[in-house]
Amino acid sequence: KAGVTQTPRYLIKTRGQQVTLSCSPISGHRSVSWYQQTPGQGLQFLFEYFSETQRNKGNFPGRFSGRQFSNSRSEMNVSTLELGDSALYLCASSLGQLNTGELFFGEGSRLTVL
Amino acid sequence: GQQVMQIPQYQHVQEGEDFTTYCNSSTTLSNIQWYKQRPGGHPVFLIQLVKSGEVKKQKRLTFQFGEAKKNSSLHITATQTTDVGTYFCADPPTYNQGGKLIFGQGTELSVKP
């Protein structure tokens, strides 16, 4: 069974640009969540989607957005990039039903903002 | 807001020594999960504890959930270089809230051979 796939793995952007990251969950998993990981703030929850609906949102500005498609694949977008957006963005999938079992993380997309 | 505090932030041990990381919550937890992230890698699920006072073992790893369900610990006996990484505890969401985990800051373990 293929794991969670994230693309691109690495990218460099400049301030003011926007970026779109993609995540393909494990087959059969309907919940996709996104996390930002930085040395200073650790792992912080961005948002979670289940059956194309955003169920949860973390405490991030509106520049951070996401969506989920009917095949459970998800994208997140960051507009008007700032230097502080440099981070590892991790996608995680789970069955996402009544309770959260384990999350399966992808390798992440490492974003550098110059 | 809800917080999960984890200590220590760093731990350097000699191979063969034991290691323990502690996780404390400001609120009572329903469950707690533990993850390991190798350097350059991504978090990998280790275990979920559910019951008050629960103790679970995975080979050299022992996980414990406090009686009041407000703290947890991970103990590694006789560390090996393969144990290197950052260990995170995480507070899973309640019913039907999907993948929103509140992670502790993590304990970075380095093992000197």
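Details of the structure are given in the entry above.
Nothing here was measured: the structure is a model prediction, and the numbers come from that model.

1. Looking at the overall build of chain A
Next up, step 1: Each helix and strand counted, chain A has zero helices and 11 strands in total.
Next up, step 2: In chain A, the succession of α and β elements from N to C terminus is β-β-β-β-β-β-β-β-β-β-β.
Next up, step 3: By the compact-globule yardstick of 13 Å for 114 residues, chain A fits well, its C-alpha radius of gyration being 13 Å.
Next up, step 4: Dimensions of chain A, computed from C-alpha atoms along their principal axes, come out at roughly 40 × 25 × 25 Å.
Next up, step 5: Here chain A, with 114 residues, has 50% of them falling under the buried criterion.

2. As for the packing of aromatic side chains
Next up, step 1: Going through the model one piece at a time under the given rule, you end up with 12 aromatic pairs over all chains.
Next up, step 2: Ring plane angle 65° and centroid distance 5.7 Å describe the contact between Phe47 of chain A and Tyr49 of chain A, whose orientation is recorded as edge-to-face.
Next up, step 3: Relative accessible area serves as the criterion here: at 1%, Phe47 of chain A is assigned to the buried category.
Next up, step 4: By relative accessible area, which is 4% here, Tyr49 of chain A ends up buried.
Next up, step 5: Geometrically, the ring pair formed by Phe88 of chain B and Phe103 of chain B is edge-to-face, given 6.0 Å between the ring centres and 85° between the ring planes. With Phe88 of chain B in strand E9 (residues 85–91) and Phe103 of chain B in strand E10 (residues 102–103), this pair connects stretches of sequence that are 15 residues apart.
Next up, step 6: Using a relative accessible area of 3% as the deciding quantity, one classes Phe88 of chain B as buried.
Next up, step 7: Pairwise contacts between aromatic rings join Tyr35, Phe45 and Phe105 of chain A together with Tyr35, Phe45, Phe88 and Phe103 of chain B into one cluster.

3. Observations regarding the nonpolar core
When a protein is soluble and globular, its nonpolar side chains tend to lie buried together.
Next up, step 1: Trp34, Leu46, Phe64, Met76 and Tyr89 of chain A are the most contacted members of the largest nonpolar core, which has 21 residues in total.
Next up, step 2: Those elements giving two or more residues to this core turn out to be strand E3 (19–24), strand E4 (31–38), strand E5 (42–50), strand E8 (74–78), strand E9 (87–94) and strand E11 (109–113) of chain A.
Next up, step 3: One finds Val13, Ile47, Leu74 and Ile76 of chain B within the second-largest nonpolar core, a separate group that totals 19 residues.

4. Concerning the sheet that holds strand E1 (residues 5–7) of chain A
All names here are of chain A.
Next up, step 1: Taken together, four strands build an open sheet; the order of strands is E1-E3-E8-E7 and the sheet is antiparallel. A strand with exactly one partner marks an edge of an open sheet, and here the two such strands are E1 and strand E7 (64–68). Taken pair by pair, the neighbouring strands of this sheet meet at an average axis angle of 15°, ignoring direction.
Next up, step 2: Examined bridge by bridge, E1 and E3 share three bridges and lie antiparallel to one another. From the neighbouring strand, Thr5 faces E3, where its bridge partner is Ser24.

5. Comments concerning the layout of surface pockets
Next up, step 1: By volume, the largest pocket amounts to about 660 Å³.
Next up, step 2: The wall of the largest pocket is formed by 28 residues, among which Gln37 and Pro39 of chain A together with Gln37, Thr86 and Phe88 of chain B lie closest to the centre.
Next up, step 3: At the level of elements, E4 and E9 of chain A together with E9 and strand E11 (107–112) of chain B are the ones that each hand at least two residues to the lining of the largest pocket.
Next up, step 4: The class makeup of the residues in the lining of the largest pocket is nine nonpolar, 14 polar and five charged.

The rules behind each value
Residues numbered from 1 in each chain as written. Chains lettered and ligands numbered in written order. Predicted model: local features only at pLDDT ≥ 70, side-chain atom pairs only at ≥ 80, totals over all residues. Heavy atoms only, no water. Helix = DSSP H or I, 4+ residues; strand = E, 2+ residues; numbered from the N terminus. Rg over C-alpha atoms; globule rule 2.2 N^0.38 Å. Buried < 20%, exposed > 50% of the residue type's maximum accessible area, 1.4 Å probe, protein only. Phe/Tyr/Trp six-rings, centres within 6.5 Å; stacked < 30°, edge-to-face > 60°. Core = buried A, V, L, I, M, F, W, Y, C linked by side-chain atoms within 4.5 Å. Pairing = 2+ DSSP bridges. Axes fitted to C-alpha atoms, helices over the stretch in contact; angles between N-to-C directions. 1 Å grid on protein atoms, 1.4 Å probe; cavity = no way out; pocket = protein on both sides within 12 Å on 5 of 7 lines; lining within 4 Å. Points joined across faces, edges and corners; volume = space filled by probe spheres on them. Nonpolar A, V, L, I, M, F, W, Y, C, P; charged D, E, K, R; others polar.

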